[in-house]
Amino acid sequence: MKQHRFRIILVVISLLGAITAFAQSGSELRFCLHSEPKTFNPLLAEDDSSETIRYLTGGVLIRVDRLTQNAIPELATAWKISNGGRTIIFKLRDGVRFSDTTPFSAEDVGYTVRQLMDPALHSPTADSFRSGEGAVEIQVLSRNRVAITFPAPIAGLDKLFDQVGIMSAKSPQKEMAVLGPYHVAEYKAGSYVLLQRNPNYWKHDGSGKQLPYIESIKLDIQQNRDTEILRLLRGELDFINSLDAEYFDKILSQDSSMAHDAGVSLDSEQMWFNQVASSPLPDYKKEWFRSTNFRRAISEAINRDDLARIVFHGHARPAVGPVSIANKFWFNSKLQPHPFDPTSALQRLSQDGFQLRDGVLRDRQGHGVEFSLITNSGNKYRERMATMIQQDLAGIGIKLNIVTLDFPSLIERITRSFNYEACLLGLVNNDLDPDSQMNIWLSSAENHQWNPNQKSPATNWEAEIDKLMRAQASTLDSRKRKTYFDQVQEIAWEQEPFIYLVNRNALSAVSPSVHNAHPVVLRPQVYWNIDQLVLGNEVARKH
Amino acid sequence: MFRLGKHVARILLTVLLGGILGATLLRVAPGFGVDEEELDSRLNDQSIRALRQEQQTDTNVITFYFRYLGRMLHGDLGISRTLRRPVSELLRERLPETAKSVTLSLALGWALSFALVILALMSRSWSVDLFGSVISGFLLCLPAAVLSVLFVMSRAPARLVLALIVFPNVYRYVRNLLLRSASQPHVLMAQAKGLGNFRIMLWHILWPAAPQLLALGGVSVSLALTAAIPVEALCDLPGIGQLAWKAALGRDLYLLVNLTMVVTVITLLANSASNLLGEAFRPSAA
């Protein structure tokens, strides 16, 4: 009787094992989205989750190679920019079908661009193409040739198409019919998005096998980063695309083969002073913040090396200016990070009449130098950076008060009420081209954060930046553009309207079961070559 | 019938007031009407202005509320600004998840409480009573967030966190009520006459305490619902608690007002039902 029971238990265990093995053999890649995707429409994607889905499902005409940072052909086999940078003509790949078998043609490109340029569609992707007033002309020249003419020249036009997922003009499935490696198969709100391999994906590997190799991708919607790390370490996830320094070190200490530091990224952390003339600040403080010497002195009093070493555990680098060293072409290599030099900072301050008396820095009228720095609450790195800056500034007699606010309150202060003195935030840079920073550097722009919406430039150096930014945007000669933008970087370095602090490294974690993963600094760091990724149990099948 | 009508009218009035209070609180909260997207450097000035214009439509709370109520009568609960989806759709997806969690937590919390109290009463063992009191006291001291994190780290089913929040609150009241009921003279008399333990428990201890237990039932529903907000947010459970958390962070007026109303309706319905049932029990208990 006992032996009989033992046999039954053995059979049950074997059955369970077989079921588990079967479930695992489905070649499913798993990683996390940190919020609900707001849309599956590739033209409306602006949040991280929607952009992830757009990258995995959307077929594009041109892709920016995340390794070389050059434009490479995808659905367009060739393209030509003419008419002084206003027109781009695409020659399209033949025999391509959408995921629902609808054939792909020039009409779909025309339809997508028309939808994208709809004046009512206020999406960042669309705005990148809006260079001037007027309508966009689309000419379908043949089944596989299309010409798009913009009202004004657009610098770096071809690379902008990396963000445009082509939609079908005819498919009844609308935006759910895609040309990318995967298509959305299932979506459970708040839980997961399941992507399945696109059976009509046009790419094949060297041996003629259709890509992608991985059957499906399960994107779990998981806000809690601690849980995400735990799940990765338990083997329930295959990678984490972007990690904080602390989590990175935690993974490094547990399994060093998983942790990948791709080096310095495009993202920066910076602080700036409120220079808005109408802000409710006392006049003497407005005068401090408008002074170049004051800003330069603050910059020199901050130890950037310490910020990188202590706050980011060494996974960051002192920042130089608006362009990170990771941006190979556009970075101005003549510039160096501002050195930590409190003596020089005090000398600069003395030029403006500031004096250090009894450990307190005072201006000409005797006001003690004290200001508050706002940053977003819950971001432990910014909170720690603020604390270190507080200590550094105390060294030259400045009292810094740190105020953390939730994001909506902070945005209200820096964009509406201007009721703040200094702000510490980061810039997430998705685009290599300086044209994407037009709305930051033009003095008339809403995002010219230290003093937005100026009717005419408040300072000579801002007028100079306006001129240079417009000049770089109106020429197609990349050398000339580089020369203009180098000058912008030099002025920004000299005047420091933004005090650039550090550029964070691109950190990620990839399970050893994922093959062909080569994390890079550009987004999406880990899955940029999604159609080439292979899971451990697929390697045998691939070869 | 009149009593039922009075209850319905009270619920309706409270829900309407709750809705407008929720809307007012959100309207005066710092950061109302701003959007993180505004900081996207790729957006041009026209788009930022359009985005701001869009946010300005609901600045007057009274206008917003009457327009909202008018649309609600036609079955339109508005569009969530943060998730860009109809609120009715979001509620339809998320309510069953929270209903599952709350029902499970109530069932488990009550069952555990009853089991421990009845065991202590029937066995007349001080050690069982002490065990129940220590466990419930310990759980009462643990914040919901800590419990959630512990469950996430130990891979335990997150829905059980709610049960552990309901249990200690229910246990204390159930214990006190049943102990008081058990010490009544007629119970002692029944025990002296040799009546069976089960019969004494059912008819002489539980039955007289039924109105108070039912009232506690109503309160425990609102307790579980309130606890669902941090627990779902921390454990990534896709219910209305998680939705409420996101709505509050994103200053999502339509979503938050609707959620306030839903939670108010459920709480009031549970309390009213327990009151009405309690009143029905009273005459026979007397």
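Residues numbered from 1 in each chain as written. Chains lettered and ligands numbered in written order. Predicted model: local features only at pLDDT ≥ 70, side-chain atom pairs only at ≥ 80, totals over all residues. Heavy atoms only, no water.

A.B. asks: Mind showing me how you'd approach the overall build of chain A here?
C.D. replies: Secondary structure summary: chain A contains 17 helices and 21 strands in total. Its C-alpha atoms give chain A a radius of gyration of 26 Å, within 12% of the compact-globule value 24 Å for 543 residues. In terms of overall dimensions, chain A has C-alpha extents of about 90 × 75 × 40 Å along its principal axes. Looking at the 543 residues of chain A, the share that counts as buried comes to 55%. Of the roughly 22,400 Å² of accessible surface on chain A, a fraction of 50% belongs to carbon and sulfur atoms. Here chain A contributes 60 positively and 63 negatively charged side chains, and the mean placements of these two sets differ by 4 Å. (Helix = DSSP H or I, 4+ residues; strand = E, 2+ residues; numbered from the N terminus. Rg over C-alpha atoms; globule rule 2.2 N^0.38 Å. Buried < 20%, exposed > 50% of the residue type's maximum accessible area, 1.4 Å probe, protein only. Areas by Shrake-Rupley, 256 points an atom, 1.4 Å probe, with all protein chains shown as cover. Lys, Arg positive; Asp, Glu negative; His and termini not counted. Charge placed at Lys NZ, Arg CZ, Asp CG, Glu CD.)

A.B. asks: What exactly am I supposed to notice about the interface of chain A and chain B here?
C.D. replies: Frequently, the measure chosen for interface size is the accessible area that the parts lose on association. Counting residues at the interface gives 46 residues for chain A and 40 residues for chain B. For the chain A and chain B pair, buried surface summed over both sides reaches about 3,800 Å², with 45% attributable to carbon and sulfur atoms. The largest share of the area that chain A buries against chain B comes from A:Lys38, A:Arg416 and A:Glu446, three residues that together contribute 17% of it. The tally of links from chain A across to chain B stands at 10 salt bridges. A salt bridge links B:Arg42 to A:Glu51, with the shortest nitrogen-to-oxygen separation between them at 3.4 Å. For the pair chain A and chain B, the number of links is 25 residue pairs in polar contact (both at pLDDT 80 or more). By residue number, the principal contributor to the side of chain A that touches chain B is helix 13 (residues 407–417) of chain A, which donates eight residues. (Contact = heavy atoms within 4.5 Å. Buried area = accessible area lost by both parts, 1.4 Å probe. Salt bridge = Lys/Arg side-chain N within 4 Å of Asp/Glu carboxyl O. Polar contact = N/O pair within 3.5 Å; in protein donor to acceptor, adjacent residues only side chain to side chain.)

A.B. asks: Is there a simple way to think about the environment of A:Lys218 in this case?
C.D. replies: When you line up the elements, A:Lys218 lands in strand 10 (residues 216–221). Other than its neighbours up to four places away in sequence, A:Lys218 contacts A:Glu28, A:Leu29, A:Arg30, A:Phe31, A:Tyr192, A:Val193 and A:Leu194.

A.B. asks: Quick question: what am I supposed to make of the packing of aromatic side chains here?
C.D. replies: Each aromatic ring pair is summarised here by two numbers: the centre-to-centre distance and the angle between the ring planes. Residues and elements named next belong to chain A. Applying the stated rule across the entire model yields 37 aromatic pairs over all chains. Ring centres of Phe-273 and Phe-294 lie 5.5 Å apart, and the angle between their planes is 65°; on these two criteria the pair is classed as edge-to-face. Taken together, the positions of Phe-273 in strand 12 (residues 259–273) and Phe-294 in helix 9 (residues 292–301) put the pair 21 residues apart, joining distant regions of the chain. With a centroid separation of 5.2 Å and an interplanar angle of 90°, the aromatic rings of Trp-450 and Phe-498 are classed as edge-to-face. One end of the pair, Trp-450, is in the loop between helix 14 (438–441) and helix 15 (460–473); the other, Phe-498, is in strand 19 (residues 498–510), and 48 residues separate them in sequence. Comparing Trp-450 with Phe-498, the two get one shared label, buried. Across from the ring centre of Tyr-247, 5.0 Å away, lies the NZ or CZ of Lys-380, which sits over that ring. (Phe/Tyr/Trp six-rings, centres within 6.5 Å; stacked < 30°, edge-to-face > 60°. Lys NZ or Arg CZ within 6 Å of the ring centre and 35° of its normal.)

A.B. asks: Please clarify how the environment of A:Met117 should be interpreted in this entry.
C.D. replies: All names here are of chain A. As for its placement among the helices and strands, Met-117 is situated in the loop between helix 3 (106–116) and helix 4 (124–129). Relative accessible area serves as the criterion here: at 13%, Met-117 is assigned to the buried category. C-alpha separation for the pair Met-117 and Val-136, spaced 19 residues apart in sequence, amounts to 7.4 Å. Every residue in contact with Met-117, bar those within four places of it in the chain, is listed here: Ala-126, Phe-129, Arg-130 and Val-136.

Taken by themselves, the reported measurements are silent on function.
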